[in-house]
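# Residue-level structure breakdown
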Amino acid sequence: MRLLVVEDEVQLADALSEILKRNMYSVDTVYNGIDGLDNALTGVYDCIILDIMLPGMNGIEVLNNLRREHINSPVILLTARSEVEDKINGLDSGADDYLTKPFVTGELLARVRALTRRKGEIVDYNQMDFNGLTLRKDTCCVAWQGNDVKLSLKEYQIMELLISNPKRILPKERIIEKIWGYESDVEYNNIEVYISFLRKKLAAINAPVQIKTARGIGYSLEQEV
Ligand code: CA
């Protein structure tokens, strides 16, 4: 999952993105409202953590612009204790949640999880399933019937993306946007390498799923028949 942190207190912004990265998210960090809006308008983010008091353009304006452009990424506003008025405006402008500074990181992580959860998903934040295959966040493993195999961070992120979109073709551009970000120079060949690692690992545990290639487009996770 890809997150955007927009916060002008550089130390706080960097600390947040560090914590989020350690929790297996891909994170982009920007330090003013204009860059925040620019990034957010791409629509690739699964959640945006947006400070209200920002140089360039404040968080409420960023949010208003986003919603006007029909970008519906969930937004968590960061507010100072004194900004009650802003909090109300923020929720009216289409924020999904807010956190008052200072906050403990556990609370931020819980709110990100709540907002990025798939509708109707059974709430086990550590685990995703597809056709009996389990992807576990705490151990960074995929498992099937008592066999498991460890994944690298990128493999984990690709697998997470595939399991979140079962039986749907994920275009390669989408995978790059989500995992490496827009400005990366990752090439399609790199993804192919990770996919081939993943296929080998899935085969090693005899998992009844396969990553199918849609030639020239991307990949989909399918049940083995
Ligand atoms: Ca600020």
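These remarks concern the structure in this document. (Residues numbered from 1 in each chain as written. Predicted model: local features only at pLDDT ≥ 70, side-chain atom pairs only at ≥ 80, totals over all residues. Heavy atoms only, no water.)

## A few points about the sheet that holds strand E11 (residues 209-214)
Strand order in this open sheet of three strands is E10-E12-E11, and the pairing throughout is antiparallel. With one partner strand each, in any of the chains shown, strand E10 (170-171) and E11 form the two edges of the open sheet. As judged from the two bridges shared by E10 and strand E12 (residues 218-223), these two strands associate in the antiparallel manner. Bridging across to E12, proline 171 finds its partner in glycine 218. (Pairing = 2+ DSSP bridges. Helix = DSSP H or I, 4+ residues; strand = E, 2+ residues; numbered from the N terminus.)

## Overview of the packing of aromatic side chains
Summed over all chains, the structure comprises two aromatic pairs. For the pair tyrosine 194 and phenylalanine 197, a centre-to-centre distance of 6.5 Å together with 85 degrees between the ring planes defines the contact as edge-to-face. Placement of the pair is tyrosine 194 and phenylalanine 197 together in helix H8 (residues 188-204), with a separation of three residues, close to one helical turn. Phenylalanine 197 gets classed as partly exposed once you look at its relative accessible area, which sits at 38%. Taken together, the ring pairs connect Trp180, Tyr194 and Phe197 into an aromatic cluster. (Phe/Tyr/Trp six-rings, centres within 6.5 Å; stacked < 30°, edge-to-face > 60°. Buried < 20%, exposed > 50% of the residue type's maximum accessible area, 1.4 Å probe, protein only.)

## Remarks on the packing of helix H6 (residues 153-164) against helix H7 (residues 172-179)
As a packed pair, H6 and H7 sit with axes 11 Å apart at the nearest point and diverge in direction by 125 degrees. Here H7 runs oblique to H6, going by the angle between their axes. The interaxial crossing formed by H6 with H7 has right-handed handedness. Facing Lys154, Gln157, Ile158 and Leu161 of H6, the residues of H7 in contact are Ile175, Lys178 and Ile179. Grouping the amino acids of the contact of H6 with H7 by side-chain chemistry returns four nonpolar, one polar and two charged. (Axes fitted to C-alpha atoms, helices over the stretch in contact; angles between N-to-C directions. Parallel < 35°, antiparallel > 145°, perpendicular 65-115°, else oblique. Left-handed = near helix turned anticlockwise from the far one by under 90°. Contact = heavy atoms within 4.5 Å. Nonpolar A, V, L, I, M, F, W, Y, C, P; charged D, E, K, R; others polar.)

## Here we look at the coordination of the calcium ion
Asp8 (OD), Asp51 (OD) and Met53 (O) make up the full set of protein donors to the calcium ion, lying at 2.1 to 2.3 Å. Sequence positions of the residues that donate to the calcium ion give the spacing D-x42-D-x1-M. Of the two residues, aspartate 8 sits in the loop between strand E1 (2-6) and helix H1 (10-22) while methionine 53 sits in the loop between strand E3 (47-51) and helix H3 (59-68), which places them 45 residues apart along the sequence. By relative accessible area, aspartate 8 is classed as partly exposed at 30%. (Donors = N, O, S within 2.8 Å, 3.2 Å for Na, K, Ca; no water.)

## What about the nonpolar core?
Counting residues in each nonpolar core, the largest one holds 32 residues, and the members touching the most others are Leu133, Val142, Met159 and Ile175. Among the secondary structure elements, those contributing two or more residues to this core are strand E6 (127-130), strand E7 (133-136), strand E8 (141-144), H6, H7, H8, E11 and E12. Element by element, the count of residues in this core is highest for H6, at six residues. Setting aside residues no more than four positions away along its own chain, isoleucine 175 makes contact with Ile158, Leu161, Leu170, Trp180, Ile191 and Tyr219. (Core = buried A, V, L, I, M, F, W, Y, C linked by side-chain atoms within 4.5 Å.)

## Some details on the side chain of glutamate 177
In this structure, glutamate 177 sits in helix H7. The buried category is assigned to glutamate 177, whose relative accessible area is 15%. For glutamate 177, the contacting residues outside a window of four places in its chain are Arg2, Val44 and Tyr182.

## So, the environment of leucine 115
Inspection of the secondary structure assignment puts leucine 115 in helix H5 (residues 105-116). Given a relative accessible area of 24%, leucine 115 falls into the partly exposed group. Excluding residues within four positions of it along the chain, leucine 115 makes contact with Cys47, Pro74, Val75, Ile76, Asp96 and Asp97.

## So, the pairing of strand E5 (residues 97-100)
Relative to E5, strand E4 (residues 75-79) is paired through four bridges, and the arrangement is parallel. Along E5, the bridge assignment pairs leucine 78 with leucine 99. This β-α-β element, E4 to helix H4 (residues 84-92) to E5, shows right-handed connectivity. (Right-handed = clockwise from strand over helix to strand, strands pointing away.)

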